[in-house]
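# Observations on the three-dimensional arrangement
Next come the chains, spelled out residue by residue.
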Amino acid sequence: MFKSSPIETIRFENHSFYLKRDDLLHPDFSGNKARKFYYFLENDFPDISKIISYGSAQSNAMYSLSVLAKMRGWEFEYFVDHVADYLRDNPHGNYKAALENGMQIHVGRGVLSSTKNVLYIEEGGRQKEAEYGIRLLAQEIIDWQKENNIKELNIFLPSGTGTTALFLQKAFVGERTPRPTVYTCPCVGDSEYLKKQFLELEEDEKYHPTILSLEKKHHFGKLYRENYKIWLKLQQQTGVVFDLLYDPLGWRTLLAHPEVLTKPILYIHQGGVLGNESMLPRYERKYKM
Ligand SMILES: *Cc1c(COP(=O)(O)O)cnc(C)c1O
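This section reports on the structure supplied with the text. Note that the structure is predicted; figures quoted are calculated from it, not measured. What you see as residue numbers is a count from 1 along each chain, following the sequence as written. A pLDDT threshold of at least 70 governs which residues receive local features in this predicted model, and a stricter bar of 80 or more applies before side-chain atom pairs are shown or counted, although totals over entire chains, interfaces and linings include all residues. Heavy atoms throughout the structure, all of them, feed into the side-chain values; hydrogens and water do not.

## A closer look at the overall build of the protein
Short version of the rule: Helix numbers and strand numbers start at the N terminus; a helix is a DSSP run of H or I with at least 4 residues, a strand a run of E with at least 2. Note on method: radius of gyration uses C-alpha positions; expected globular size equals 2.2 Å times residues raised to 0.38. Three labels apply to residues, based on accessible area from a 1.4 Å probe with only protein chains included: buried if under 20% of the type maximum, exposed if over 50%, partly exposed otherwise in between. Every residue pair with non-hydrogen atoms within 4.5 Å of one another is taken to be in contact.
Of the regular secondary structure elements, the protein holds eleven helices and ten strands. In terms of C-alpha radius of gyration, the protein reaches 19 Å, essentially the compact-globule figure of 19 Å for 289 residues. With respect to the principal axes defined by its C-alpha atoms, the protein has extents near 55 × 50 × 35 Å. Looking at the protein as a whole, 53% of its 289 residues qualify as buried. Contacts in the protein between residues at least 24 apart in sequence constitute 77% of all its contacts with a sequence separation of at least 6.

Shown next, in the form of structure tokens:
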């Protein structure tokens, strides 16, 4: 259903990077969520008539599920702990787009009275079925390596639930050597949390990506001057717009580990740019001179 996403070469901070543009994968899906939910687009679910999920009111997964539901003609119910007054009064970003796709939002915990006809999706799409679409991502990378005769490769992508990084590394394990090494960093919680997430999806650690982190603790969704700075720099030097939640931490972490840059490196742009509609005004209010 999707055409494979392009791979470009960019220069940033005097290093050369390959950039996998998964943000361009589909106009209506948010980057890696298109990969994670691909299974539900491609297969038949004659008994399903509704998706139920939960998470934050601005999440990329929420928006992508609203797209999936719309494409498949399913209802979509989404549970949140809280919707900020400002967002409720001024819908924007993922929240607005998901509502326009027909999402029914509920504050509080849902009670699943019946699971019949319901497709239940974990927060952030953290589930086994994600492996299906992420294998295709791996295959696109393998084909590109062959075409361009790129033997050794490091791959970097920032993690939330870690689902994408895990299944990507796992997809390469069967490949002949040298197989790519997948590096990632935790954006939600710390390295231990991310390791736990990996273990829940895959017990065998030989399939796990390599976790890199920064020394300072980082809180998901909070504003950091360093994040805004590198986001602006990325745009100035590469012309590419990245997301403001994951990518700034991803790039900061990657640049702090020069040993990973000794081989050709592929950074995966996982989309999420629609979410910038809520993050950017917050950054501009706080730091713009
Ligand atoms: C969801 C998301 C991630 C995190 O993906 P996981 O599979 O949960 O690790 C990273 N970047 C963007 C832009 C996302 O939307």
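Continuing now.
## Quick notes on the packing of aromatic side chains
Definition in use: In this scheme Phe, Tyr and Trp rings, the latter by its six-membered ring, pair at centre separations within 6.5 Å, and the angle between planes marks the pair as stacked below 30 degrees, edge-to-face above 60, and tilted otherwise. As a reminder, the over-ring test applies to NZ of lysine and CZ of arginine, requiring each to be within 6 Å of the ring centre and within 35 degrees of the ring normal.
One pass over the structure, following the stated rule, counts 22 aromatic pairs. Both rings, one in Tyr-39 and one in Phe-45, keep their centres 5.9 Å apart while their planes meet at 65°; by these two values the pair is edge-to-face. Ring centres of Phe-242 and Tyr-267 lie 6.0 Å apart, and the angle between their planes is 85°; on these two criteria the pair is classed as edge-to-face. Placement of Phe-242 in the loop between α9 (225-238) and α10 (247-255) and of Tyr-267 in strand β10 (residues 265-269) is noted, with a sequence separation of 25 residues between them. By relative accessible area, Phe-242 is classed as buried at 1%. The buried category is assigned to Tyr-267, whose relative accessible area is 0%. Lying over the aromatic face of Tyr-207, Lys-170 brings its terminal NZ or CZ to 5.5 Å of the ring centre.

## Focus on the pattern of salt bridges
Any two side chains of opposite charge can pair, so long as their charged atoms come close to each other. This is how it is decided: Any Lys or Arg side-chain nitrogen found within 4 Å of a carboxyl oxygen on Asp or Glu counts as a salt bridge.
Inspection of every chain in the model, using the stated rule, returns 17 salt bridges. Across the salt bridge formed by Arg-21 and Glu-8, the nearest N and O atoms sit 3.1 Å from each other. Placement of Arg-21 in strand β2 (residues 15-21) and of Glu-8 in strand β1 (residues 7-12) is noted, with a sequence separation of 13 residues between them. The exposure class assigned to Arg-21 is buried, which follows from its relative accessible area of 11%. Classification of Glu-8 by relative accessible area gives partly exposed; the value is 28%. Among the salt bridges present, the one from Asp-22 reaches Arg-35, with a minimum N-O distance of 2.8 Å. Taken as a pair, Asp-22 in the loop between β2 and α1 (31-36) and Arg-35 in helix α1 lie far apart in primary sequence, 13 residues in all. Like Arg-35, Asp-22 is buried.

## A few points about the site of the ligand
Here is the rule: One heavy atom within 4 Å of a molecule or strand is enough for the residue carrying it to be called near that molecule or strand. The term polar contact refers here to a pair of N or O atoms within 3.5 Å; inside protein, the definition further demands a hydrogen-donor-capable atom paired with an acceptor-capable atom, and it admits residues adjacent in sequence only when both atoms are side-chain atoms. Throughout, the Shrake-Rupley method with a 1.4 Å probe supplies accessible areas, and for residues the shown protein chains are the sole cover considered.
In the vicinity of the ligand lie 16 residues, with Lys-33, Lys-36, Asn-60, Thr-161 and Thr-164 positioned nearest. Here Lys-33 contributes a side-chain N or O atom positioned 2.7 Å from an oxygen atom of the ligand. Separating an oxygen atom of the ligand from a side-chain N or O atom of Thr-161 is a distance of 2.6 Å. Surface burial for the ligand is 98%, taken as the share of its 390 Å² of free accessible area covered by protein chains. Put simply, the parts of the chain that give the shell around the ligand at least two residues each are α1, β7 (154-159) and α7 (163-172). By residue number, the principal contributor to the shell around the ligand is α1, which donates three residues.

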